[in-house]
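Descriptive structure summary
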Amino acid sequence: MPKLVFIDAGGREYVVEAAIGQSVMRAAVAAQIPGIEALCGGNCVCATCHAYIGEPWYERFPAPDDTESAMLECTSEPREDSRLTCQLPVTAEHEGLVIRLPASQH
Ligand code: FES
């Protein structure tokens, strides 16, 4: 089970194990990581699972589709490395994945 490292806006780190095939969002919610709200349950319609996936990790996921790209524009602080974590399936390649959380989802 790959370990994922969530870092909140204040610099606190949370290390979580994720199952292969589980979304980054599901792993965060299961571990009660503060800051990932996921109000729509993973249907890509709420944008409250927003996070930043910096290099080198950003390239290790499929590019966002049109729906995700549109929803990312609804986030409060979008950046070039913004993703919706419900759209990021964990694979064995993601051991040590770092996910930086925005200060707010609203
Ligand atoms: Fe709603 Fe990801 S959980 S968009």
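The notes below deal with the structure included here. (Residues numbered from 1 in each chain as written. Predicted model: local features only at pLDDT ≥ 70, side-chain atom pairs only at ≥ 80, totals over all residues. Heavy atoms only, no water.)

**Quick look at the overall build of the protein chain**
For the protein chain, the helix and strand inventory stands at 2 helices and 5 strands. For the protein chain, the N- to C-terminal ordering of α and β elements is β-β-α-β-α-β-β. The C-alpha radius of gyration computed for the protein chain amounts to 12 Å, which stays within 12% of the reference 13 Å derived for 106 residues, consistent with globular compactness. The principal-axis extents of the C-alpha atoms in the protein chain amount to approximately 30 × 30 × 25 Å. For the protein chain, buried positions account for 43% of its 106 residues. As displayed, the protein chain offers around 5,500 Å² of accessible surface, 50% of which is attributable to carbon and sulfur atoms. (Helix = DSSP H or I, 4+ residues; strand = E, 2+ residues; numbered from the N terminus. Rg over C-alpha atoms; globule rule 2.2 N^0.38 Å. Buried < 20%, exposed > 50% of the residue type's maximum accessible area, 1.4 Å probe, protein only. Areas by Shrake-Rupley, 256 points an atom, 1.4 Å probe, with all protein chains shown as cover.)

**Here we look at unusual backbone geometry**
Cis geometry is found at the peptide bond from E55 to P56, where omega equals 5°. With respect to the helices and strands, P56 occurs in the loop between strand 3 (50–52) and helix 2 (66–72). For Q32, which is not a glycine, the phi torsion comes out positive at approximately 55°. For Q32, the location among the structural elements is in the loop between helix 1 (24–30) and strand 3. Phi angles above zero are rare outside glycine, and A38 is one such case at about 55°. Residue position: A38 is located in the loop between helix 1 and strand 3.

**Structural notes on the packing of aromatic side chains**
Each aromatic ring pair is described using two quantities: the centre-to-centre distance and the angle formed by the ring planes. A full pass over the atoms with the stated rule returns 0 aromatic pairs. One Lys or Arg, R60, reaches over the ring of W57 and ends 4.8 Å from the middle of that ring. One cation-aromatic arrangement involves R83 over Y58; the distance from NZ or CZ to the ring centre is 5.9 Å. (Phe/Tyr/Trp six-rings, centres within 6.5 Å; stacked < 30°, edge-to-face > 60°. Lys NZ or Arg CZ within 6 Å of the ring centre and 35° of its normal.)

**A few points about the pattern of salt bridges**
Throughout the structure, instances matching the rule amount to 4 salt bridges. In this structure, R83 engages E68 in a salt bridge whose closest nitrogen and oxygen atoms are separated by 2.8 Å. Separated by 15 residues along the polypeptide, R83 in strand 4 (residues 82–84) and E68 in helix 2 bring together distant segments of the chain. The class of R83 is buried, set by a relative accessible area of 2%. What makes E68 buried here is its relative accessible area of 2%. (Salt bridge = Lys/Arg side-chain N within 4 Å of Asp/Glu carboxyl O.)

**Some words on the side chain of D8**
With respect to the helices and strands, D8 occurs in the loop between strand 1 (3–7) and strand 2 (13–17). Only 2.9 Å separates the side chain of D8 from the backbone nitrogen of G10, close enough to count as a polar contact. For D8, the residues in contact, after removing those within four places along its chain, are Y14 and L101. (Polar contact = N/O pair within 3.5 Å; in protein donor to acceptor, adjacent residues only side chain to side chain. Contact = heavy atoms within 4.5 Å.)

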